[in-house]
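Examination of the molecular architecture
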Amino acid sequence: MAVGKELLLKIADIAAISIDETEAEDYAKELDSVIGYIEQKLSEIPDDDLEPMEHVLSAQSFFRADEVTNFDRKAELLGSASVTKDGCHFVPSVVDPS
Amino acid sequence: MSILNMTIKEISELLKNRKIGTVELVRHYLDSIRRQNPSLNSFVTTCEEDALEASEKAQKLIDSNDNTSLLCGIPFGIKDNICVRGIRTTAGSKMLSDFVPAYSSTVVNRLVEANAVILGKLNMNEFSMKESKEGNIFGFVRNPWNKEYAEGGLSEGTAAAVSGDMACFALGSDSGGELRQAASFCGVVGLKPTYGLVSRYGLISSASSMDQIGPVTRSVEDCAAVMSVIAGQDPLDSTSVGRSENYLKDIDKGIKGLRVGVPKEFFGSEVNTEIKESISRALENLGQEGAIYKEISIPSIKYILPAHYIISSAEASSNLARYDGIRFGHRSPDARNISEVYRFSRKEGFGREVKQRILTGTYFLSSENRERLYYKALKIRRMIFNDFRKAFENLDVLVAPVCPEVACKLTDVSGDKDHLLKMHISDVYTAGLNLTGLPGLTVPCGLDKNKLPIGIQIVGREFSEKLLLQVGYAIEKTVGKLSPGEGDKYGI
């Protein structure tokens, strides 16, 4: 399936990245060539009943003790944000006031 | 006394015998950085004052106690995606160009507890993704063996720092082979440990199921020394595993009876003849030491690349969703509402290759393609894992090239998209271990006709690092340590 400009713009919307139409054409072309190669390789492999492997077997999660600990570095954490106000992260309104 | 290109073990002995002091040692590396970094471009941040302060503390410990750790007072560099509290950590991205972490990674905490001394942060490709020249905010790293040539992944500063004598060792990360490729191109030792053996807490994620932190060192013994400190379970990383041991113990045990497999798929016509010859010589030397080697076949190797590309893109698109311009990272000054904060900040903060990978990953994970492409890649991952596991039923280790070519000239890669594709294709020799979680050690095994280093890769079962280091030690013994010459010999 060819990835056109329209589909690419939709993907960029889902990924929350602003791109213009020229960039969309450029990215779509590149994505097309990657997908072309990948689909051809994947088609060589029969669809057998192998279990998908999301994580390697050695990685079995373990839990640490559920204890309250303090992380008293509020100023350092806020220092990484571009905009803060009154000791809080500051964002534009998430609800359209109109 | 010249300490140029000395190993941790050699320097540690000099420190303990009071032949040199820790402050003098740190000054040696700071001077070396000042002199060489403008051309090699390995360090992106140096911590001169903190390093001198830490070295004074280490000296006091050495003066008052004969049983300090091997790493006490030893200066090291850290790849710029491993967090250090209070020190700018960028992951090579404009997105994080002002990010100063409020906490340190577990690996850094462990090394600092062992009184190793942080020299600074090392250059890297943006979020560890290979990219063309215009992508990285700090530019290319040059190869200490010949400054006209690139090192591994174009912008990996770890190996160049160690090879160029700007740090005694370095901490790197490996998501598709960048740590091993850079080490191989720069003639130093690099280890990608088994997934889970080293805590990832404080590592800026790229592909979480494949990322792993590992050491880059001047000798196999040094690699063992660093691993002995950084490996082991961490309550702050639920995927870490409690398997640490003393990797230095029995490192010289020998390899008599070692069963070595040579997968023929890794030695095709695309591999440079000089690399093949160099690895053959290393195998013959192992044979003389008592190892038995034979050719084997792992057919699924040819599917490593598509599986790795799909999974790493998908995981990157998910991981990098956290960069929204609010809590940390670049925030667009032009955004007028919350949607524009996300969209504009991500447009401006990420480089071209990273945006391409996010878009590609989003495509793979979309409901129309998830089953057809993403889950298929996960099935191929299982197939590759099963094939490697089967190979290890009758073998102890495998050997492979790290790359099909030695380092390339920087003039050949500037902004060249075809070259970028070629670099991705060369990941086939390394990315299989990221897919399967298996460990891989690269050790220098020779030089090509242009005096550029060639590395051999030794692959083992899960948690077989001790054996890999013993094999690496045996190879190193026959080859000898490679260094880009004393002083100005190679233009350093």
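All values reported here derive from a predicted model rather than from experimental measurement.

Here we come to helix H2 (residues 21-43) of chain A. Residue and element names in this part refer to chain A. An ideal rise of 1.5 Å per residue puts 33 Å on 23 residues; H2 measures up with 32 Å between its terminal C-alpha atoms. Within H2, the full set of buried residues consists of Ala-24, Tyr-27, Ala-28, Glu-30, Leu-31, Val-34, Ile-35, Ile-38, Lys-41 and Leu-42. Its side-chain oxygen at 3.2 Å from the backbone nitrogen of Thr-22, Asp-20 defines the N-terminal cap of H2.

Next up on the list: the interface of chain A and chain B. Contacts between chain A and chain B engage 60 residues on the former and 69 residues on the latter. Of all residues in chain A, the largest losses of buried area upon contact with chain B belong to Tyr-27, Met-53 and Phe-62 of chain A, amounting jointly to 12% of the total for that side. The shortest N-O distance in the salt bridge between Glu-23 of chain A and Lys-347 of chain B comes to 3.1 Å. Our count for the contact surface shared by chain A and chain B stands at 23 residue pairs in polar contact (both at pLDDT 80 or more). Counting only elements with at least two residues in the side of chain A that touches chain B, the list comes to helix H1 (5-14), H2 and helix H3 (74-79) of chain A.

Here the focus is helix H2 (residues 22-40) of chain B. Residues and elements named next belong to chain B. Taking 1.5 Å as the rise per residue, H2 with 19 residues should run 27 Å; its terminal C-alpha atoms sit 25 Å apart, in good agreement. At Arg-34, H2 shows its maximal bend, which comes to roughly 35 degrees, and the proline Pro-38 appears one to four places after that position. Residues of H2 that are buried include every one of Thr-22, Leu-25, Val-26, Tyr-29, Leu-30, Ser-32, Ile-33, Gln-36, Asn-37 and Leu-40, and no others.

Here the focus is unusual backbone geometry. Trans peptide bonds make up most of the peptide bonds, and negative phi angles are found at most residues other than glycine. Residue and element names in this part refer to chain B. Of note, Asp-250 is a non-glycine position whose phi angle comes to about 65 degrees, a positive value. For Phe-463, which is not glycine, the phi torsion reads 60 degrees and is therefore positive. With respect to the secondary-structure elements, Phe-463 resides in the loop between strand E13 (453-460) and helix H15 (465-479).

A few words on the pattern of salt bridges. For the structure shown, the criterion picks out 24 salt bridges over all chains. Notably, a salt bridge pairs Arg-34 of chain B with Asp-31 of chain B, separated by 2.9 Å at the nearest N-O pair. With Arg-34 of chain B and Asp-31 of chain B both in helix H2 and 3 residues apart, this pair spans about one turn of that helix. Given a relative accessible area of 48%, Arg-34 of chain B falls into the partly exposed group. Within the structure, one salt-bridge network assembled from shared partners comprises Lys-5, Glu-21 and Glu-25 of chain A.

Conventions we followed
Residues numbered from 1 in each chain as written. Chains lettered and ligands numbered in written order. Predicted model: local features only at pLDDT ≥ 70, side-chain atom pairs only at ≥ 80, totals over all residues. Heavy atoms only, no water. Helix = DSSP H or I, 4+ residues; strand = E, 2+ residues; numbered from the N terminus. Expected span 1.5 Å × (residues − 1). Buried < 20%, exposed > 50% of the residue type's maximum accessible area, 1.4 Å probe, protein only. Polar contact = N/O pair within 3.5 Å; in protein donor to acceptor, adjacent residues only side chain to side chain. Contact = heavy atoms within 4.5 Å. Buried area = accessible area lost by both parts, 1.4 Å probe. Salt bridge = Lys/Arg side-chain N within 4 Å of Asp/Glu carboxyl O. Bend = angle between axes of the 7 residues up to and from the residue.

What is shown is where atoms sit, not what they do.
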